[in-house]
Amino acid sequence: MRRMLLGAGLALSLVAAGCASATPTDRATPTGPAAASPPLASRQDPEQARRTLDSLRKVDDLPLYEMTYVGGYDPTVGTDARPDTGPFGCSLFAASGDPARPLFARNFDWDANPAMVLRTDPPEGYASVSLVDLSYLGVGPDPTGDRRLLDAPLLPFDGMNERGLAVGLAADDTATAKPVPGRPTVGSVRILRLVLDRAATVDEAVALFGRHNLDFDGGPPLHYLLADAGGRSAVVEFVDGTMRVQRGQGRWQALTNVPVVDVPEQQRRRDHRYGVLAAALDAADGRVDPAAALRLLDQVRQGHTRWSVTYGLRDGEVRLVTVAGGGQERRYRLPIS
């Protein structure tokens, strides 16, 4: 994969595959009303900003968009996620039973908001692909021309970078994070951007978490799953205000909305979705290809699942499933090379 992640191969549109095809609209142009306030994170010149907004395409009627971010941004300033209370669920797993094809998979369970596939290649960071819930930017169903999109890199809800490191989040009602003096504070979603931009391995990602205070104010407390191309994985949680890490010991690691750190495995499996994932991954000895991973995600799908995605941590392939109103399903592959 390496630096090809945002090269010419990914200038291609999402490719529909599987049960249904979707015909993308024509390339969007910034003709709609711009946001009243300027983006805070953008470090682009006017031409880079224009090219970024010009790359916006509507892919399906979820609605799902895609956009390629051109130029730089400051990941430490600007928008933080401030969701209202809602059905913030999510199911995630990392599977490394096949060392040649480690995989990261997740369902994002949340409100029916527009979503976007975002490609970034910061000047001093790793290129990555991530998925963004556009409502967190204040963007409506038609984001064409809205300059708030230039803050989109700040709010990835899951993603994978060119080094094969993937990260995703899920709600954890028990989590509490107490600030450590001297550490910079970052939003609980924003930390994913720092990880994608700056970490190549699980160890580096864990260290990056440890250098920051996390701010859970205004949204549900979270915990996180990390996985890398070497087959390593880890869960990061905040227990009694302190960051704790549970590293993967076998061929898979899963995360839903129940705590993992210091919780016996059998107790975790009392959670229905975790139990389904654990039983299937045990039976497969952690060896699942993208198609099998998507079938497993379908078994733990909820009524408010917005997307299902798999990230191939070595081959770089991303497979995405969206479900629009009326239960219409779309399947895509994002060609990496």
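What you see is a predicted model, and the numbers here were worked out from it, not measured in a lab.

Asker: Give a description of the nonpolar core that names residues and reports values.
Answerer: Taken as a class, soluble globular proteins show a tendency for nonpolar side chains to be buried jointly. Membership of the largest hydrophobic core comes to 76 residues, with the highest contact counts inside it found for F104, M116, I191, V195, F209, Y224 and L226. Counting 19 residues, the second largest nonpolar core, distinct from the first, contains F93, A95, L296 and L297.

Asker: Could you give me a rundown of the pattern of salt bridges, with the residues and numbers involved?
Answerer: Tallying each qualifying case throughout the model produces 18 salt bridges. Among the ionic pairs, E66 bridges to R119, the shortest N-O distance being 2.7 Å. Here the residue E66 occupies a position in strand β3 (residues 64-68), and R119 occupies one in strand β6 (residues 115-120), the gap between them amounting to 53 residues. R119 carries the same exposure label as E66, and that label is buried. A salt bridge links R193 to D197; the shortest N-O distance between them is 3.0 Å. Separated by four residues within a single helix, R193 and D197 lie in helix α2 (residues 190-198), roughly one turn from each other. Both residues of the pair, R193 and D197, belong to the buried class. Several salt bridges share partner residues, and in doing so they unite E265, R268, R269 and D282 into one network.

Asker: Mind laying out the pairing of strand β17 (residues 318-323), listing which residues take part and the relevant values?
Answerer: Every regular strand shows the same layout, with side chains that alternate between the two sheet faces. Buried residues dominate β17, accounting for six of its six residues. Neither face of β17 is exposed, since V318, L320 and T322 on one face and R319, V321 and V323 on the opposite face are all buried. Bridging between strand β16 (residues 305-312) and β17 involves five bridges; their strand directions are antiparallel. Note on β17: the bridge partner recorded for V309 is L320. With antiparallel pairing between neighbouring strands as the criterion, β16 and β17 make up a hairpin whose turn holds five residues, including G316 at a positive phi of roughly 80°.

Asker: Pulling in residues and values, what's your account of the packing of aromatic side chains?
Answerer: Here the structure, examined in full by the defined rule, presents nine aromatic pairs. Ring geometry for F108 and W307: centres 4.4 Å apart, planes at 20°, overall stacked. With F108 in strand β5 (residues 103-109) and W307 in strand β16, the pair connects residues that are 199 residues apart, well separated along the chain. Here F108 matches W307 in class, with each residue buried. Aromatic ring contacts, followed pair by pair, group F108, W110, Y136, F157 and W307 into a single cluster.

Asker: Give a detailed account of the sheet that holds strand β2 (residues 57-60), specifying residues and quantitative values.
Answerer: Here we have nine strands laid out as an open sheet, ordered β2-β3-β6-β7-β8-β9-β12-β13-β14, and mixed in their pairing. Looking along the sheet, the strands with just one partner apiece sit at the ends: β2 and β14 (242-247). Along the sheet, successive strands turn relative to each other by an average axial angle of 20°, direction set aside. Across five bridges, β3 lies against β6 in parallel orientation. Residue pairing for β6: T68 is matched across the bridge by R119. Of the strands in this sheet, β12 (222-227), β13 (233-239) and β14 are in contact with helix α3 (residues 202-210), which crosses β14 at around 170°.

Asker: Account for the packing of α2 against α3, naming residues and giving values.
Answerer: Packing of α2 against α3 brings their axes to within 10 Å, and their N-to-C directions diverge by 140°. With respect to their mutual orientation, α2 and α3 come out oblique. Considering the relative orientation of α2 and α3, their crossing is right-handed. Residues I191, L194, V195 and R198 of α2 touch α3, and the partners they reach there are E204, A205, L208 and F209. When grouped by side-chain class, the residues that make up the contact of α2 with α3 number six nonpolar, no polar and two charged.

Rules and cut-offs
- Residues numbered from 1 in each chain as written.
- Predicted model: local features only at pLDDT ≥ 70, side-chain atom pairs only at ≥ 80, totals over all residues.
- Heavy atoms only, no water.
- Core = buried A, V, L, I, M, F, W, Y, C linked by side-chain atoms within 4.5 Å.
- Buried < 20%, exposed > 50% of the residue type's maximum accessible area, 1.4 Å probe, protein only.
- Salt bridge = Lys/Arg side-chain N within 4 Å of Asp/Glu carboxyl O.
- Helix = DSSP H or I, 4+ residues; strand = E, 2+ residues; numbered from the N terminus.
- Pairing = 2+ DSSP bridges.
- Phe/Tyr/Trp six-rings, centres within 6.5 Å; stacked < 30°, edge-to-face > 60°.
- Axes fitted to C-alpha atoms, helices over the stretch in contact; angles between N-to-C directions.
- Contact = heavy atoms within 4.5 Å.
- Parallel < 35°, antiparallel > 145°, perpendicular 65-115°, else oblique.
- Left-handed = near helix turned anticlockwise from the far one by under 90°.
- Nonpolar A, V, L, I, M, F, W, Y, C, P; charged D, E, K, R; others polar.

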